[in-house]
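What follows is each chain in one-letter form.
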Amino acid sequence: MTLVPDPGYAGVGKRFCPIWAKWRRSLCRIDGRGFFCALLKGREKGMKLQVNGKEQECSEGIFLTDLIEQLALPIEGLVAVVADEVVPASDWKDCSLNDGMKIEFLNFVSGG
Amino acid sequence: MIPDSKMSIKWSKGGSMNQENKPLVIGGVEFTNRLFTGTGKFASKKLIAPMLEASGSQMITMALRRVDVKSEEENILKYIPKGVHLLPNTSGARNAEEAVRIARIARAAGCGDFIKIEVINDMKYLLPDNEETTKATQILSKEGFIVLPYMMPDLISAKRMEDAGAAAIMPLGAPIGTNRGLESRPFLQILIENIDLPVVVDAGIGKPSQAAEAMEMGADAVLVNTAITTAQDPAKMGKAFAMAVAAGYEARLAVMADEKKYASASSPLTGFLRDE
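Computed from a prediction, not measured in an experiment: that's the story for all the values here.

Student: I'm lost on the overall build of chain B in this one. Help?
Tutor: Along its length, chain B carries 8 helices and 10 strands. A compact globule built from 276 residues would reach a C-alpha radius of gyration of about 19 Å, and chain B, at 20 Å, matches this within 12%. Evaluated residue by residue, chain B yields a buried proportion of 50% over its 276 residues. Across chain B, the fraction of contacts at a sequence separation of at least 24, relative to all contacts at a separation of at least 6, is 68%. Here chain B contributes 32 positively and 33 negatively charged side chains, and the mean placements of these two sets differ by 4 Å.

The following block contains the structure:
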């Protein structure tokens, strides 16, 4: 069996855990670049946000504008609330998101 | 038990019953049209602008909700012509805290300072919670909002909302969407006679005649949603309501004659063409 380079390995960064790394490497060796690698890579580099009350996974260090794109939200009239503050559309590209942040995407709808 | 001094009611003749033709001013904004409208339940949002044009309504409500990618619900603001005042509501709020949060977001999102406070816990009759509404009114008026609380027509609550800084009060005529008219008539009358703030009868008005009646009674304006938006021709119905509101207001200015128990002939009771 040839040793398959682990694409997720480089991303471990600061918190290196030898047992975890060994287990993960062995999984990648079995599966190559397939499902497990992708899964593990995602786990290593992703973060979780609370979007409209639901958990949403996304890659680390993304900006609000990236999340809007990822969720394919209609931009017109969109109101983005990050950590209880409304972020104006002009600031979406500069609004960086952190793990665990609460984000609400709202819009004005019909009502009496 | 000694009653709180704040609770004592001054039995003044409120400004609402004044028969002078005074402009309706809410939060420093003058309204020449006393019909406020809503955007709920239109078959198509394209009907909003023609309705506003036909009725001349200068204030319209809308709600704030989480985006639902699956639903077809579009941004309502693009369908409302410029110059019409926006009155976002806090529908969906179950307590003062939630209402305050919605109001703050609506203003930060560019909807202006007007806010209709709507705090509802009861999903069967959709009756407003006056106590929580008063709390929200107090918080938001201090933050510079122009607060219009939707409320049960209760004088003590209305006085508290007045003290809390409401810009107007919006008592219900009947439960939302019922089209039953002024079921709360005697209690509306008490508010009209004793509250100095503008009284806008909101909810339950189903026909132009009922809107006219509210204005004749002394209401300063009415807010109509369902009866207009679910009519076959919302623009025409909007116009009919605007005419009824204007007629009712005009009748009040003209000072109506009293009701009488027995007939009072309009034609002379002499000179009949018959032999006695």
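Once you've had a look at it, read on.
Student: Would you explain the interface of chain B and chain A in this entry?
Tutor: Buried accessible area, meaning the area lost when the parts come together, often serves as the stated size of an interface. Contact residues are listed per partner, giving 29 residues for chain B and 22 residues for chain A. When the two sides are added together, the surface that chain B and chain A hide from each other amounts to roughly 2,100 Å², 59% of it contributed by carbon and sulfur. Put simply, chain B and chain A have 3 salt bridges between them. Across the pair E104(A) and R66(B) runs a salt bridge, and its minimum N-O distance is 2.7 Å. Joining chain B to chain A, the criterion identifies 12 residue pairs in polar contact (both at pLDDT 80 or more). Looking at the side of chain B that touches chain A, the elements with two or more residues in it are strand 4 (59–66) and helix 2 (96–111) of chain B.

Student: Just to check I follow, could you spell out the side chain of Q210(B) for this structure?
Tutor: Position of Q210(B) relative to the elements: it lies in helix 6 (residues 208–217). Setting aside residues up to four positions removed in sequence, Q210(B) forms contacts with N179(B), R180(B), G181(B), L182(B), G204(B) and I205(B).

Student: Could you clarify how one ought to interpret the sheet that holds strand 6 (residues 114–117) of chain B in this entry?
Tutor: Paired through backbone hydrogen bonds, the strands of a sheet run either parallel or antiparallel to each other. Residue and element names in this part refer to chain B. Strand order across the open sheet formed by 3 strands is 6-7-8, with parallel pairing between neighbours. Both outer strands of the open sheet, strand 6 and strand 8 (170–171), are each paired with one neighbouring strand and no more. Summarising the sheet, strand 6 and strand 7 (residues 146–151) pair through 4 bridges and their orientation is parallel. Pairing of I115 across the sheet is with V147, part of strand 7.

Student: Is there a simple way to explain the confidence of the model for chain B in this structure?
Tutor: Interpreting fine coordinate detail is not advised for predicted regions of low pLDDT. When pLDDT is averaged across chain B, the result is 92; 92% of the residues are at 70 or more. Across the interface, the model reports ipTM at 0.84; the global pTM reads 0.81.

Student: Would you mind showing me how to read the packing of helix 1 (residues 48–55) of chain B against helix 8 (residues 234–254) of chain B here?
Tutor: A pair of packed helices can be characterised by two numbers: the angle between their axes and the separation between those axes. All names here are of chain B. Viewed as axis vectors pointing N to C, helix 1 and helix 8 meet at an angle of 25°, and their least axial separation amounts to 7 Å. In terms of orientation, helix 1 and helix 8 fall into the roughly parallel class. Our pair here, helix 1 against helix 8, has a crossing hand that is right-handed. Where helix 1 approaches helix 8, its residues P50, M51, A54 and S55 are matched on the opposing element by P234, A235, G238, K239 and A242. The class makeup of the residues in the contact of helix 1 with helix 8 is 6 nonpolar, 2 polar and 1 charged.

Student: How do you make sense of the packing of aromatic side chains when you look at a structure like this?
Tutor: Each pair of aromatic rings is reported with the distance of its centres and the angle of its planes. Residues and elements named next belong to chain B. According to the stated counting rule, one finds 2 aromatic pairs over all chains in the structure shown. Plain terms: the ring middles of F31 and F114 are 6.2 Å apart, the flat faces sit at 65° to each other, and that makes the pair edge-to-face. With F31 in strand 2 (residues 29–31) and F114 in strand 6, this pair connects stretches of sequence that are 83 residues apart. As far as burial versus exposure is concerned, F31 and F114 are alike and both buried. The ring of F145 has R107 sitting right over it, with the charged end atom 3.8 Å from the ring centre.

Student: When you look at the layout of surface pockets in this model, what are you seeing that I'm missing?
Tutor: Where empty space is left can be seen by rolling a probe of water-molecule size over the atoms. Counted as a void, the largest pocket has a volume near 540 Å³. Taken together, 30 residues line the largest pocket, and the ones lying closest to its centre are G111(A), G112(A), E118(B), L126(B) and I176(B). Mapped onto the lining of the largest pocket, the elements with two or more residues apiece are strand 4, strand 10 (221–224) and helix 7 (226–229) of chain B. Taken together, the residues that form the lining of the largest pocket break down as 12 nonpolar, 12 polar and 6 charged.

Student: What is the right way to look at unusual backbone geometry in this model?
Tutor: Trans peptide bonds make up most of the peptide bonds, and negative phi angles are found at most residues other than glycine. Residues and elements named next belong to chain A. Backbone geometry places N52, a non-glycine residue, at a positive phi of 45°. As for its placement among the helices and strands, N52 is situated in the loop between strand 1 (46–51) and strand 2 (54–59). The buried category is assigned to N52, whose relative accessible area is 16%.

Student: Which parts of the structure should I look at to understand helix 3 (residues 130–142) of chain B?
Tutor: Given 3.6 residues per turn, any residue in an α-helix points the same way as the ones three and four places further on. Residue and element names in this part refer to chain B. With 13 residues, helix 3 ought to run about 18 Å at 1.5 Å a step, and its terminal C-alpha atoms sit 18 Å apart, in line with that. Those residues of helix 3 that fall on the buried side of the exposure criterion are N130, E132, T133, T134, A136, T137, L140 and S141. Put simply, D129 is the residue that caps the front of helix 3, since its side-chain oxygen is 3.1 Å from the backbone nitrogen of E131. Backbone geometry just downstream of helix 3 places G144 in the positive-phi region, at approximately 90°.

Student: How should helix 2 of chain B be read in this particular structure?
Tutor: Residues and elements named next belong to chain B. In a regular helix each residue adds 1.5 Å, so 16 residues correspond to 22 Å; helix 2 covers only 20 Å between its end C-alpha atoms and thus falls short of that length. Inspection of helix 2 places A96, A99, V100, I102, A103, I105, A106 and C111 among the buried residues, and these make up the whole buried set. Of the residues flanking the start of helix 2, the one acting as N-cap is N95, its side-chain oxygen 3.2 Å from the backbone nitrogen of E97. In the segment just after helix 2, G112 is the residue with positive phi, at about 85°.

Rules used throughout
The residue numbering used here restarts from 1 in each chain and proceeds along that chain's sequence as written. Here chains are named by letter from A upward and ligands by number from 1 upward, in the order in which they appear as written. Side-chain atom pairs in this predicted model are given and counted only at pLDDT of 80 or more, local residue features only at pLDDT of at least 70, and totals for whole chains, interfaces and linings cover all residues. Here the side-chain values reflect all heavy atoms present in the structure, with hydrogen atoms and water set aside. Secondary structure elements are defined from DSSP: runs of H or I of at least 4 residues count as helices, runs of E of at least 2 residues count as strands, and each element is numbered from the N terminus. Our radius of gyration looks at C-alpha atoms and nothing else; its globule reference is 2.2 Å times the residue count to the power 0.38. We call a residue buried when its accessible area falls under 20% of the maximum for its residue type, exposed when it is over 50%, and partly exposed in between, using a 1.4 Å probe and counting protein chains only. Here, residues are in contact when the closest pair of their heavy atoms is within 4.5 Å. Charged-residue counts in this description rest on Lys and Arg as positive and Asp and Glu as negative, His and the chain ends being excluded. All charge positions are set by atom: Lys at NZ, Arg at CZ, Asp at CG, Glu at CD. Defined here as a combined quantity, buried area equals the accessible surface (1.4 Å probe) lost by two parts on assembly, summed across both. By salt bridge we mean one thing: a side-chain nitrogen of Lys or Arg within 4 Å of a carboxyl oxygen of Asp or Glu. Pairing of N or O atoms within 3.5 Å defines a polar contact, subject to two protein rules: one partner must be a possible hydrogen donor and the other a possible acceptor, and residues neighboring in sequence count only if both atoms are side-chain atoms. Two strands are counted as paired when DSSP detects at least two bridges linking them. You can read pLDDT as the predictor saying how much it trusts each residue, on a scale of 0 to 100. Axis angles are defined between N-to-C directions and span 0 to 180 degrees, where every axis is a line fitted to C-alpha atoms and, for a helix, only to the segment in contact. Each angle receives one of four descriptions, namely roughly parallel if under 35 degrees, roughly antiparallel if over 145, roughly perpendicular if within 65 to 115, and oblique otherwise. Crossings are assigned a handedness: left-handed for a near helix turned anticlockwise from the far helix by less than a right angle, right-handed for a clockwise turn. Gly is put with the polar residues, along with every residue not named as nonpolar or charged; the nonpolar set is Ala, Val, Leu, Ile, Met, Phe, Trp, Tyr, Cys and Pro, and the charged set is Asp, Glu, Lys and Arg. Working definition: rings of Phe, Tyr and Trp (its six-membered ring) pair if their centres are within 6.5 Å, and the pair is stacked with planes under 30 degrees apart, edge-to-face with planes over 60 apart, and tilted otherwise. Charge over a ring is defined by NZ of Lys or CZ of Arg lying within 6 Å of the ring centre and within 35 degrees of the ring normal. The definitions used throughout rest on a 1 Å grid laid over the protein atoms alone, on which a cavity is an enclosed set of points accommodating a 1.4 Å probe that cannot get out and a pocket is an open set flanked by protein within 12 Å on both sides along at least five of seven lines; lining residues are those having an atom within 4 Å of a point. Grid points are joined across faces, edges and corners, and a volume is the space filled by probe spheres set on the points. In a helix, the anticipated span is given by 1.5 Å times the number of residues less one.

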